[in-house]
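The primary structure of each chain is shown beneath.
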Amino acid sequence: MYSVFLTQSGGMLAPISYILGLIMNALYEFLSFFGIANVGLVIILFTFITRGLMIPLTIKQQKYTKLSSKMNPEITKINAKYKGKRDPESMQKMQLETQAVYEKYGASPTAGCLPLLIQLPIMFALYAVIRNIPAYVNDIYKLYEGIANGIVDIPGHVEVLTKAATEVGVSTTKFTEIASGPMSINHIIDIISKFTSEQWGELAEHFPTIQNLIASKSGEIMHINSFIGGLNILDKPGFSFPGILIPVLAAGLQFLQTKLMTANTPTDKDNPMASSMSTMNTVMPLMSGIFCVMLPMGIGLYWVAGSAFAILQQIVINKHMDKIDVDTLIEKNKMKSKKKRARKGINTNASIEELAKKQTKSIDTAPQVNKSTSGYANSVKKNYDSSKSNSDTSYKSGGIADYANLLKNRNNNKGDK
């Protein structure tokens, strides 16, 4: 594997991208052994394998989702009970009661986020590998290297290549700023790997002395990047047929995927997050379709393959989840939670365990009167009752004037002015 794109900072995802790049390189060489050198097919197989490796995380997330369908209504009741209460005592009680619900079901507030947090870096790294295939697949690198070697030997190649790239809309700013003097081979590959099938001719016109070399190597590059119906994964699909099929399939399959994911999850109408998730499940597929129109078809093909795999996976997972009893799942979670607390030296019979047994169905969602305020109100009421008979003025019970007179009589009894 070659150090293309390492001219830019790989960041924290570089090690993950490197491992995924090894998988893609192995797939390409395996298919090439049988005379099948096609990047589109490699992307599909690569997506299936990497998504398959994440199946355990997906199942874990689905189990938490099923558990949440029973747990969320109780948490919603607690939120409603303390709605608008921001004093420290109420906030503490709310946290305790919410934690009690999680303890009751043997769950953790971060359990649903953890699989997603693990998957996100992998997904971003996958995107980086597919977008920069020459950086990770040796045989494809060599094709671009042949052109780059020809360009680097031409005097003034930096200016010529920059002009050629600018004319076709390929940015060279971040490469020319890094390069000191003549561009390196890797810098040149970084740029020419962004050229579409229609732009190779323009590149050849700017380098007339190596036109035959560019035509020969670019022909091989376009051949391995070609896909069904003459599509090229380096090109943008736009709105013409058959390229438009990529964005349509990406949006349609992702929408079907979200429907299958939420098929066995009851919707809690009282939970404001449910409405937000429903909106996201509709908007995100549409956004995927729009992005696929603007990005190279290789990215769209990856999304289509990923959604197709996720649909097949979700059908199998749904059948598996139907066989899992929620009560059994809760008991297993409680046992795991208990063992985890024991390993940490936490008393498994702590008071939080008693809170966990509390059924939140009996929670009274009516506003509660603060005890300290209640005592004061009773004392005021007694003063009012004792002095009410002495008042010459009658007031409507419960009205503002009634309460004002109550306070007035109380002050008179105490000798206040």
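Everything discussed here concerns the structure shown above.
Conventions we followed
Residues numbered from 1 in each chain as written. Predicted model: local features only at pLDDT ≥ 70, side-chain atom pairs only at ≥ 80, totals over all residues. Heavy atoms only, no water. Helix = DSSP H or I, 4+ residues; strand = E, 2+ residues; numbered from the N terminus. Buried < 20%, exposed > 50% of the residue type's maximum accessible area, 1.4 Å probe, protein only. Contact = heavy atoms within 4.5 Å. Areas by Shrake-Rupley, 256 points an atom, 1.4 Å probe, with all protein chains shown as cover. Axes fitted to C-alpha atoms, helices over the stretch in contact; angles between N-to-C directions. Parallel < 35°, antiparallel > 145°, perpendicular 65-115°, else oblique. Left-handed = near helix turned anticlockwise from the far one by under 90°. Core = buried A, V, L, I, M, F, W, Y, C linked by side-chain atoms within 4.5 Å. Salt bridge = Lys/Arg side-chain N within 4 Å of Asp/Glu carboxyl O. Phe/Tyr/Trp six-rings, centres within 6.5 Å; stacked < 30°, edge-to-face > 60°. Expected span 1.5 Å × (residues − 1).

Run through the overall build of the protein, naming residues and quoting values.
Looking only at helices and strands, the protein has 18 helices and zero strands in total. Every one of the 417 residues in the protein was classed for burial, and the buried ones make up 39%. Contacts spanning at least 24 positions in sequence make up 77% of the contacts within the protein whose residues lie at least 6 apart. Of the roughly 23,900 Å² of accessible surface on the protein, 61% is carried by carbon and sulfur atoms.

Any chance you could break down the packing of helix α6 (residues 138-152) against helix α9 (residues 185-192) for me, citing the residues and the numbers?
A pair of packed helices can be characterised by two numbers: the angle between their axes and the separation between those axes. Where α6 meets α9, the axes come as close as 9 Å, and the angle between the chain directions of the two elements is 115 degrees. Taken together, the axes of α6 and α9 are roughly perpendicular relative to one another. Crossing angle aside, the handedness with which α6 passes α9 is right-handed. Contacts from Y141, Y144, E145, I147, A148, N149, I151 and V152 in α6 reach I185, N186, I188, I189 and I192 in α9.

Describe in detail the nonpolar core, supporting the description with residues and values.
Within the largest apolar cluster, 49 residues are counted, with the highest numbers of intra-cluster contacts made by M24, I43, I192, F195, W200 and L203. It is α6 that contributes the most residues to this core, seven residues altogether. Residues in contact with L203, not counting those within four places in the same chain, are L161, A164, I192, F195 and I214. Ranked by size, the runner-up nonpolar core spans 13 residues in total, among them L67, I78, Y102 and Y105.

I'd like to hear about the pattern of salt bridges, residue by residue, with values.
Taken as a whole and assessed by the stated rule, the structure comprises two salt bridges. We note a salt bridge from E89 to K93, for which the minimum N-O separation is 3.4 Å. Note that E89 and K93 are positioned in helix α4 (residues 88-105) at a spacing of four residues, about one turn of the helix.

Hey, could you go over the packing of aromatic side chains for me, with residue numbers and the actual values?
Evaluation of the coordinates by the stated rule reveals five aromatic pairs. Taking the centre distance of 5.3 Å and the plane angle of 40 degrees together, the rings of F48 and F309 count as tilted. A residue pair is termed long-range when its members are at least 10 positions apart, and F48 in helix α2 (residues 39-53) and F309 in helix α14 (residues 297-322) qualify at 261 residues. For F48, a relative accessible area of 31% corresponds to the partly exposed category. On the accessibility criterion, F309 (15% relative accessible area) is buried.

Lay out α6 in plain terms, naming residues and giving numbers.
Its 15 residues give α6 an end-to-end C-alpha distance of 20 Å, which sits within 8% of 21 Å, the value for a rise of 1.5 Å per residue. Within α6 the residues assigned to the buried category are N138, I140, Y141, L143, Y144, G146, I147, A148, G150 and I151. Where α6 is buried, its residues contact α1 (14-33), α2, α7 (157-167), α9, α10 (200-206) and α11 (211-225).

Give me the environment of I188: which residues, what numbers.
Within the secondary structure layout, I188 lies in helix α9. Residue class for I188 comes out buried when judged on its relative accessible area of 0%. For I188 and V158, which are 30 residues apart along the polypeptide, the C-alpha to C-alpha distance reads 8.9 Å. Those residues in contact with I188, other than ones at most four positions away along the chain, are A148, I151, V152, H157, L161 and M183.

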